[in-house]
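Structure assessment
Here are the chains, one letter per residue:
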Amino acid sequence: DAGVTQSPTHLIKTRGQQVTLRCSPKSGHDTVSWYQQALGQGPQFIFQYYEEEERQRGNFPDRFSGHQFPNYSSELNVNALLLGDSALYLCASSRPLWKETQYFGPGTRLLVL
Amino acid sequence: AQSVSQHNHHVILSEAASLELGCNYSYGGTVNLFWYVQYPGQHLQLLLKYFSGDPLVKGIKGFEAEFIKSKFSFNLRKPSVQWSDTAEYFCAGGDGGSQGNLIFGKGTKLSVKP
């Protein structure tokens, strides 16, 4: 049973560029959440997708956008990259029932130069 | 505003010592609470969770946590740590009654000396 997978594992970009990160949820899961984990900090919620729509959003600017596909996989897009966007980006998947646990992927480490 | 705070940034223990990591939350209404662990080079894994019922929650690998509503706390405990428990531990809270976002503490790094 494959867990949550993310690609790529590492990425280097320069300021102003755009980046797309990808996530495949755990088998049987249809809800995907994205988190940003800066160095020395806990993960911070970006947004959550369910049924191909953004269901909840954290305190992140519109430069951060996402998408969920019919197969439940998801993308996180960040436009106009800033140095401060350098972080580990985590994807978590779950089933939509409210007592379900979120399972995390290994993350994509983004470095913005 | 909702928040989760962890008291200790870095804890160093010898093997067989007892462990208690502090976590306090600030939520209005019902809260779901979690402890996640991140072993070196691995992804976040769930240790245990509390939604309702018995405030003493047992998780994997001998960990347990106690929900004390009057103190807004959800401390993680283990009676005897092992070198393999070396990891970073995150406390997280979620709004009870919804399957929404988690708010994480900043994490506590645990180093266990053999």
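Structure report, in brief. (Residues numbered from 1 in each chain as written. Chains lettered and ligands numbered in written order. Predicted model: local features only at pLDDT ≥ 70, side-chain atom pairs only at ≥ 80, totals over all residues. Heavy atoms only, no water.)

**Digging into the pattern of salt bridges**
Counted according to the given criterion, the structure contains 7 salt bridges over all chains. In this structure, A:Asp85 and A:Arg63 form a salt bridge, with 2.9 Å as the shortest nitrogen-oxygen distance. Taken as a pair, A:Asp85 in the loop between β8 (74-78) and β9 (87-94) and A:Arg63 in the loop between β6 (53-57) and β7 (64-68) lie far apart in primary sequence, 22 residues in all. Across the pair, exposure class does not vary: A:Asp85 and A:Arg63 are buried alike. A salt bridge links B:Arg77 to B:Glu66; the shortest N-O distance between them is 3.3 Å. In this pair, B:Arg77 is assigned in strand β9 (residues 73-78) and B:Glu66 in strand β8 (residues 64-68), connecting sequence segments 11 residues apart. (Salt bridge = Lys/Arg side-chain N within 4 Å of Asp/Glu carboxyl O. Helix = DSSP H or I, 4+ residues; strand = E, 2+ residues; numbered from the N terminus. Buried < 20%, exposed > 50% of the residue type's maximum accessible area, 1.4 Å probe, protein only.)

**Some points on the layout of surface pockets**
Each pocket or cavity is described by its volume, and for the largest pocket that value is around 490 Å³. Lining the largest pocket are 24 residues; nearest its centre among them are A:Gln37, A:Leu39, A:Arg109, B:Gln38 and B:Glu88. Of all the secondary-structure elements, those providing two or more residues to the lining of the largest pocket are β9 and β11 (108-112) of chain A together with β10 (87-95) of chain B. When residues of the lining of the largest pocket are assigned to their parent elements, the largest contribution, 3 residues, is made by β11(A). Split by residue class, the lining of the largest pocket holds 10 nonpolar, 11 polar and 3 charged. (1 Å grid on protein atoms, 1.4 Å probe; cavity = no way out; pocket = protein on both sides within 12 Å on 5 of 7 lines; lining within 4 Å. Points joined across faces, edges and corners; volume = space filled by probe spheres on them. Nonpolar A, V, L, I, M, F, W, Y, C, P; charged D, E, K, R; others polar.)

**Description of the side chain of A:Gln6**
Residues and elements named next belong to chain A. Relative to the assigned elements, Gln 6 resides in strand β1 (residues 5-7). When its relative accessible area of 9% is taken as the criterion, Gln 6 is described as buried. Separated by 3.0 Å, the side chain of Gln 6 and the backbone oxygen of Tyr 89 make a polar contact. One polar contact links the side chain of Gln 6 to the main-chain amide nitrogen of Gly 107, over a distance of 2.9 Å. Filtering out sequence-adjacent residues up to four positions away, Gln 6 remains in contact with Arg 22, Cys 23, Trp 34, Tyr 89, Leu 90, Cys 91, Gly 105, Pro 106, Gly 107 and Thr 108. (Polar contact = N/O pair within 3.5 Å; in protein donor to acceptor, adjacent residues only side chain to side chain. Contact = heavy atoms within 4.5 Å.)

**Points about the pairing of strand β4 (residues 31-37) of chain A**
All names here are of chain A. Most of β4 sits inside the fold, with 7 of its 7 residues counted as buried. Going residue by residue along β4, you find Thr 31, Ser 33, Tyr 35 and Gln 37 tucked away on one face and Val 32, Trp 34 and Gln 36 tucked away on the opposite face as well. Where β4 lies against strand β5 (residues 44-50), 6 bridges are found, and the strand directions are antiparallel. Residue pairing across strands places Tyr 35 opposite Phe 45, the latter belonging to β5. In sequence, β4 turns back onto β5 through a hairpin of 6 residues, with Gly 40 there showing a positive phi of about 80°. Direction of pairing for β4 relative to β9: antiparallel, over a ladder of 7 bridges. In the sheet register, Ser 33 faces β9, and the bridge partner there is Ala 92. (Pairing = 2+ DSSP bridges.)

**A word on the sheet that holds β7(A)**
Residues and elements named next belong to chain A. Across the sheet, 4 strands lie side by side as β1-β3-β8-β7; this open sheet has antiparallel pairing. Unpaired on one side and paired on the other, β1 and β7 mark the two borders of the sheet. Strand after strand, the sheet turns through a mean of 20° between neighbouring axes, direction not considered. Where strand β3 (residues 19-24) and β8 come together, 5 bridges link them in antiparallel fashion. Its bridge partner lying in β8, Leu 21 is registered against Leu 76. (Axes fitted to C-alpha atoms, helices over the stretch in contact; angles between N-to-C directions.)

**With respect to the environment of B:Asp85**
All names here are of chain B. Here Asp 85 is to be found in the loop between β9 and β10. Along the sequence, Asp 85 and Gly 41 sit 44 residues apart, while their C-alpha atoms lie 13 Å from each other. Dropping the residues within four chain positions of it, Asp 85 is found in contact with Tyr 39, Phe 63, Lys 78, Leu 110 and Val 112. Of note is the side chain of Asp 85, whose polar atom sits 2.8 Å from the backbone nitrogen of Gln 82.

**So, the nonpolar core**
Grouped together as the largest cluster of nonpolar side chains are 28 residues, with contacts concentrated most on B:Trp35, B:Leu47, B:Leu48, B:Phe74, B:Leu76 and B:Tyr89. Among the elements that make up this core, the one with the highest residue count is strand β5 (residues 31-38) of chain B (4 residues). Grouped together as the second largest cluster of nonpolar side chains are 20 residues, A:Leu11, A:Trp34, A:Phe47 and A:Leu110 included. (Core = buried A, V, L, I, M, F, W, Y, C linked by side-chain atoms within 4.5 Å.)

So, to be careful, I would describe these as geometric facts and stop short of saying anything about function.
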